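Geometric and topological summary
Below are the chains, spelled out letter by letter.
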Protein chains: 2
Amino acid sequence: DRQAQKAGQLFSGLLALNVVFLGGAFICSSISNSVALTLGDVWVLLAVLKALSLLWLLYYAAGTTRRPHAVLYRDPHAGSIWVRGSLLLFGSCAGCLSVFHVGYEVSHLYCESWLELIFPAIEIVFIGIQTWVLWRHCKDCVQAQGNFTRCGLMLTLATNLLMWVLAVTNDTMHRKIEAELNGLMDNFSGNDSHTCLCLNSTGCQVFQKGYLMLYPFSTEYCLVCCAVLFVMWKNVGRRLAPHASARPGTPPFHLRGALSGLLLGLLALVAGVVVFVIFQVEANGPTIARRYFILYYAFCVALLSAMSLACLAGTAIHGLEEREMDTVKNPTRSLDVVLLMGAALGQMGIAYFSIVAIVATRPHELLDRLVLAYSLLLILQHMAQNLFIIEGLHRRPLWEAAAEAEPPRGGRSHSQPELGPGQPPASPRASIHSNCHLNWKRRALKELSLFLILCNITLWMMPAFGIHPEFENGLEKEFYGYRTWFTIVNFGLPLGVFYRMHSVGGLVEVYLGA
Amino acid sequence: DRQAQKAGQLFSGLLALNVVFLGGAFICSSISNSVALTLGDVWVLLAVLKALSLLWLLYYAAGTTRRPHAVLYRDPHAGSIWVRGSLLLFGSCAGCLSVFHVGYEVSHLYCESWLELIFPAIEIVFIGIQTWVLWRHCKDCVQAQGNFTRCGLMLTLATNLLMWVLAVTNDTMHRKIEAELNGLMDNFSGNDSHTCLCLNSTGCQVFQKGYLMLYPFSTEYCLVCCAVLFVMWKNVGRRLAPHASARPGTPPFHLRGALSGLLLGLLALVAGVVVFVIFQVEANGPTIARRYFILYYAFCVALLSAMSLACLAGTAIHGLEEREMDTVKNPTRSLDVVLLMGAALGQMGIAYFSIVAIVATRPHELLDRLVLAYSLLLILQHMAQNLFIIEGLHRRPLWEAAAEAEPPRGGRSHSQPELGPGQPPASPRASIHSNCHLNWKRRALKELSLFLILCNITLWMMPAFGIHPEFENGLEKEFYGYRTWFTIVNFGLPLGVFYRMHSVGGLVEVYLGA
């Protein structure tokens, strides 16, 4: 049984690998030699892959509803509420992006071929059906047709991955819109240009602005889909022990005593919203005045300093605590830690590239110094926060310790984690006692994690809803060139948004466990 | 204890991550904006990192010899003979490369600054000392100064990784030598050019040829060092159980009955050597005639077809065998499987890029069709061979089963792998009996794996000793442009050489276990 499972995983993994390689070679060719292999060929390949994935998704949804024995178990850890929520949010935004794309092409129909309409239309159908299927089935542990299901899941994952690679590297639409905006301006000043302009100016501007604003969401969406599909692939053929759901429920979210953390965090959140609105209102013009950049970066520097201090203080308190570490293997937690570290790479990469660009050009302006400080603090904050969250996730929560120390009621004896000699398990009375009276360390941890939750939401909101000063301030764009910096930012920013969401999830667990 | 170990691993991993990001941003900047940040800055950064790593390596070597309690255990799985052998081989080749580099710079001293001499000189010292330290200490499980040792190892690993990234992306020396060869030719025909030419023509040509031929070895060397340093890092603070070395020794390598596999394999090897010599002799001129490319690719197509058939047949025989799978967790084997899959990505990537280039240009010549067939067969062969080796590694060897079924002599009871109900362990008499008389399946497996070992050695020899038709045939170079194809080939080929070596190691285990 286990042997067949391993072989199926290996085979479907090789299938996905080949699809990704083929698509990657296509995309790379269309970039480096756009004569022999055009972007249209890449779109055709992706459309074929999307059609195949769609057929499989529909077959899967129909098959699992018709055969009731196909899904006997559902993984309680998979598809948590924030994953499904972000799937829905990003899915609807990515759908809107495609709608805007269609609208843009329709308003250019007089000078472009109607074939350009097909690909965004396919994309709309694909995103809609995929979101619906993943929303319903993300917890499944499928038992029927294991190998076929694995291959289908891997094909869909490879399609999403290729969509992500294309979205990260393909800047033609951005260039087109930028050329059009410039062309429009030249037109007003009397020049004649060869760019294809809209007939209906207001509708077109809505499509252009909306496209630029919603663009990051589609890359987010592909990443979230890949994560969900990977978990489903791991769960194919898995049988859960019946006592898996007998785990004591997490305690409800109480704001016990963490008042100053809440107030400081709310303050940061409100200030962030104010900065966001000012920046967004001013960003309507073609160029943003320097003082708004200074405002934005100064706010971020202040916020990141406070967050770094909070994370370092929290890590220090974790070190002082006497509760033992939970060293039992836990696959869900391992995946959490890997995702946290992996997603942090995005913003850290951007920060390092910024630092090198600024140091190499040796500027003396205030804005450049602010960007430098911002980049350095960003790296520090990511590392400190990762340490804090990982330390927190490895503490054994008090309610679990209390539940374990109770005499087991059923016949089944719990698999006790190994305790060192001379370290008796805490008596239930003591741990329940400590659960009611928070000592100063646990209170401080609660305050700090609540503050960090609100700060992370603030920092999540800004790039998620369309502020991209990294791209608009022009410093690095000039240094690295348009295409390189476009790729770096489009690679890093969606990972950064994902990181903020994911660390809010981790911090909530730290808050509850403290 | 385990908690401190995890924290140390996390901290040193973050250190390496930051160093790699900083260096990566430097290298990327020097490529996309070579005015503000020159290649010289990258060399200075690398020289600093090399100096720090050197200091640490010397401290480590001195510290472990002075304190006898620092290394109490040695990991028997780490640093096997082929790893240490390739470390020594590639290390000496990389050293020679730097010597040629120095020689090249010396013969150009009249028109370049003597500062160019410093960096290759540092590299020679670094490679020499690193090879010596890693050769002596690759099996260590260090117990003293855990966190400092982890940081030092990670710093050295990051340095090697950056050297690899630079070697893969930096083609300035190649361009310089190519320009010089062209300049020399123009000079003969009477033109005057601005390139800096050697004074001593014969010595210079030796340096140029040697540099181009030895270049792939330095990338190999960095990869092997990274693998060894990673294993050492994992082993810091590890305590081995005393019975770990009580495992029965592997049986000696006998050529029992695998005669036809041996003969066919030797035939392939001899044919490969002939093709290699012909190609190498002809490759002395500036351009290689088309018919030698056709000879090379035709030979490879024939060989790869035979290998693919052998792998598929072997996988089928594995499926027929009744021996049960070994599903116990085994970290060394997991690392083997991951390395096998990861190293296969190199050649598969090159093959996919070739396929896309050939299909997009739609040529009708014999050579292009041969390259297409070669690329397709390469992908098929890598996948089939990976399946064959992984299946073979997961069979429980007969001698292990026999040793386990014996009554345990010491008081310690072996941790028996879980056997299914109704599946009694094979009696020792039966397995020893089957060990002496090979049935047809085991005989066929031995024949196939011996044939594959010799074929892999043939395919290893050609790129390892300087045949790079992928780069010289010009088809893909024209399609993708010089720099892109240089990066792809330099990324893929060293991984491909590593893959051949590693699969020989895996196939020897399959041969012994069959």
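Remember, predicted model here, so these are calculated numbers, not experimental data.

Some thoughts on the relation of the copies chain B and chain A
The operation relating chain B to chain A is a screw motion whose rotation component is 180°, with 0.0 Å of axial translation and a residual RMSD of 0.0 Å. The symmetry that links the two subunits is that of a two-fold axis.

Examining the nonpolar core
Within the largest apolar cluster, 274 residues are counted, with the highest numbers of intra-cluster contacts made by Tyr296(A) and Tyr296(B). When sequence neighbours within four positions are dropped, the list of residues in contact with Tyr296(B) reads Val275(B), Phe279(B), Tyr374(B), Met462(B), Ile467(B) and Pro469(B).

Quick word on the interface of chain B and chain A
Facing 35 residues of chain B, the contacting portion of chain A comprises 35 residues. Summing both partners gives a buried area of about 3,600 Å² for chain B against chain A, and 76% of it is carried by carbon and sulfur. Along the contact surface separating chain B from chain A lie 0 salt bridges. Summed over the shared surface of chain B and chain A, the result is 4 residue pairs in polar contact (both at pLDDT 80 or more).

Description of the pattern of salt bridges
All names here are of chain A. Inspection of the entire model under this criterion finds 2 salt bridges over all chains. The salt bridge partner of Glu 123 is Lys 50, with a shortest N-O separation of 2.9 Å. A residue pair is termed long-range when its members are at least 10 positions apart, and Glu 123 in helix H4 (residues 118-137) and Lys 50 in helix H2 (residues 39-66) qualify at 73 residues. The pair formed by Glu 123 and Lys 50 is uniform in burial state, with each residue classed as buried.

A short note on the environment of Arg84(B)
All names here are of chain B. Within the secondary structure, Arg 84 is located in helix H3 (residues 81-107). Sequence separation of Arg 84 and Arg 136 is 52 residues, and the distance between their C-alpha atoms is 9.4 Å. Ignoring anything within four residues of it in the chain, the contact list for Arg 84 reads Gly 79, Trp 135, Cys 138 and Lys 139. There is a polar contact of 3.5 Å between the side chain of Arg 84 and the backbone oxygen of Trp 135.

Remarks on a nonpolar patch on the surface
Residues and elements named next belong to chain A. On the surface, Val 106, Leu 109, Trp 114, Leu 115 and Ile 118 cluster together into a nonpolar patch covering about 480 Å² of accessible area. Along the chain, Leu 109 falls in the loop between helix H3 (81-106) and H4. In this structure Leu 109 comes out as partly exposed when scored by relative accessible area, which is 37%.

So, the packing of aromatic side chains
Taken as a whole and judged by the stated rule, the model has 34 aromatic pairs over all chains. With 5.1 Å between their ring centres and 70° between their planes, Tyr297(A) and Tyr374(A) make a pair best called edge-to-face. Taken together, the positions of Tyr297(A) in helix H9 (residues 290-320) and Tyr374(A) in helix H11 (residues 366-393) put the pair 77 residues apart, joining distant regions of the chain. By the burial criterion, Tyr297(A) is buried, and Tyr374(A) matches it. Where Tyr211(B) meets Tyr215(B), the ring centres are 5.8 Å apart and the plane angle is 40°; that geometry is what we call tilted. Here the residue Tyr211(B) and the residue Tyr215(B) both occupy positions in helix H7 (residues 201-235), the gap between them amounting to 4 residues, near one helical turn. The two residues Tyr211(B) and Tyr215(B) agree in class, both being buried. By the ring-pair criterion, three or more aromatic residues cluster together here, those being Phe279(A), Phe293(A), Tyr296(A), Tyr297(A) and Tyr374(A). The lysine or arginine in question, Arg84(A), covers the ring of Trp135(A), its NZ or CZ lying 4.6 Å from the ring centre.

Re helix H8 (residues 259-282) of chain B
For H8(B), spanning 24 residues, the distance from its first C-alpha to its last is 35 Å, which sits close to the expected 34 Å at 1.5 Å a residue. On its buried side, H8(B) packs onto helix H9 (290-320), helix H14 (440-464) and helix H15 (469-472) of chain B.

Structural notes on the side chain of Asn160(A)
Inspection of the secondary structure assignment puts Asn160(A) in helix H5 (residues 146-169). Here Asn160(A) is in contact with Phe126(A), Gln130(A), Cys222(A), Cys225(A), Cys226(A) and Leu229(A), once residues within four sequence places are set aside.

Examining the side chain of Ser107(B)
Among the secondary structure elements, Ser107(B) is positioned in helix H3. In this structure the side chain of Ser107(B) is engaged in a polar contact, spanning 2.8 Å, whose partner is the backbone oxygen of Tyr104(B).

Comments concerning the packing of helix H8 (residues 259-282) of chain A against H9(A)
Residues and elements named next belong to chain A. In the contact formed by H8 and H9, the axes pass within 10 Å of each other and the chain directions differ by 160°. The pairing of H8 with H9 is recorded here as roughly antiparallel in orientation. Regarding H8 and H9, the two cross each other, and that crossing is left-handed. Judged by residue contacts, Ala 268, Ala 271, Gly 272, Val 275, Ile 278, Phe 279 and Glu 282 of H8 engage Tyr 292, Phe 293, Leu 295, Tyr 296, Phe 299 and Leu 303 from H9.

A look at the packing of helix H14 (residues 440-464) of chain A against helix H17 (residues 482-513) of chain A
A pair of packed helices is characterised by two quantities: the angle between their axes and the separation of those axes. Residue and element names in this part refer to chain A. Two elements in contact, H14 and H17, have axes separated by 9 Å at closest approach and are oriented at 160°. Classified by the interaxial angle, the pair formed by H14 and H17 is roughly antiparallel. In this structure, the crossing between H14 and H17 has a hand that is left-handed. Across from Lys 446, Ser 449, Leu 450, Leu 452, Ile 453, Asn 456, Ile 457, Leu 459, Trp 460, Pro 463 and Ala 464 in H14, the residues of H17 making contact are Leu 493, Val 497, Arg 500, Met 501, Ser 503, Val 504, Leu 507, Val 508, Val 510, Tyr 511 and Leu 512. Among the residues forming the contact of H14 with H17, the class breakdown is 17 nonpolar, 3 polar and 2 charged.

Here is what the cut-offs are and how they apply
Counting from 1, residues in each chain are numbered in the order their sequence is written. Just so you know, chain letters begin at A and ligand numbers begin at 1, following the order they were written in. The model is predicted, so local features are restricted to residues of pLDDT at least 70 and side-chain atom pairs to those at 80 or more, both for listing and for counting; the totals for chains, interfaces and linings are taken over all residues. No hydrogens and no water enter the side-chain calculation; it runs on all heavy atoms of the structure. Superposition of the copies was done by least squares, using only C-alpha atoms of residues whose pLDDT is at least 70 in both. Side-chain atoms within 4.5 Å link the members of a nonpolar core, which is a set of buried Ala, Val, Leu, Ile, Met, Phe, Trp, Tyr and Cys residues. For every residue, the accessible area (1.4 Å probe, protein chains only) is compared with the maximum for its type, and the residue is labelled buried under 20%, exposed over 50%, or partly exposed between those bounds. Any pair of residues with heavy atoms lying within 4.5 Å of one another is described as a contacting pair. Buried area, as used here, totals the accessible surface that two parts lose on assembly, with accessibility defined by a 1.4 Å probe and the loss added over both. For this analysis, a salt bridge means a side-chain nitrogen from Lys or Arg found within 4 Å of a carboxyl oxygen belonging to Asp or Glu. Pairing of N or O atoms within 3.5 Å defines a polar contact, subject to two protein rules: one partner must be a possible hydrogen donor and the other a possible acceptor, and residues neighboring in sequence count only if both atoms are side-chain atoms. Secondary structure counts use DSSP, requiring at least four H or I residues in a row for a helix and at least two E residues in a row for a strand, with both numbered from the N terminus. To count toward a patch, a residue needs a relative accessible area over 30% and no salt bridge; like charges are then connected within 9 Å, while nonpolar side chains (Val, Leu, Ile, Met, Phe, Trp, Tyr) are connected within 5 Å. Note that accessible areas follow from Shrake-Rupley with a 1.4 Å probe, and for residues the cover is restricted to the protein chains shown. Only Phe, Tyr and Trp rings are paired, with Trp represented by its six-membered ring, and only when their centres lie within 6.5 Å; those with planes under 30 degrees apart are stacked, over 60 edge-to-face, the remainder tilted. Two conditions define a charge located above a ring, namely a distance within 6 Å from the ring centre to NZ of Lys or CZ of Arg, and an angle within 35 degrees of the ring normal. Multiplying one less than the number of residues by 1.5 Å gives the expected span of a helix. Axis lines are fitted to C-alpha atoms, over the contacting stretch for helices. Their N-to-C directions set the angle, which ranges from 0 to 180 degrees. For classification purposes, angles smaller than 35 degrees are called roughly parallel, those larger than 145 roughly antiparallel, those between 65 and 115 roughly perpendicular, and all remaining angles oblique. Throughout, a crossing is termed right-handed when the near helix is turned clockwise from the far one, and left-handed when it is turned anticlockwise from it by less than a right angle. Charged means Asp, Glu, Lys or Arg here, nonpolar means Ala, Val, Leu, Ile, Met, Phe, Trp, Tyr, Cys or Pro, and polar covers whatever is left, Gly included.

Note that every value here comes from positions in space, so none of it alone points to a role or purpose.
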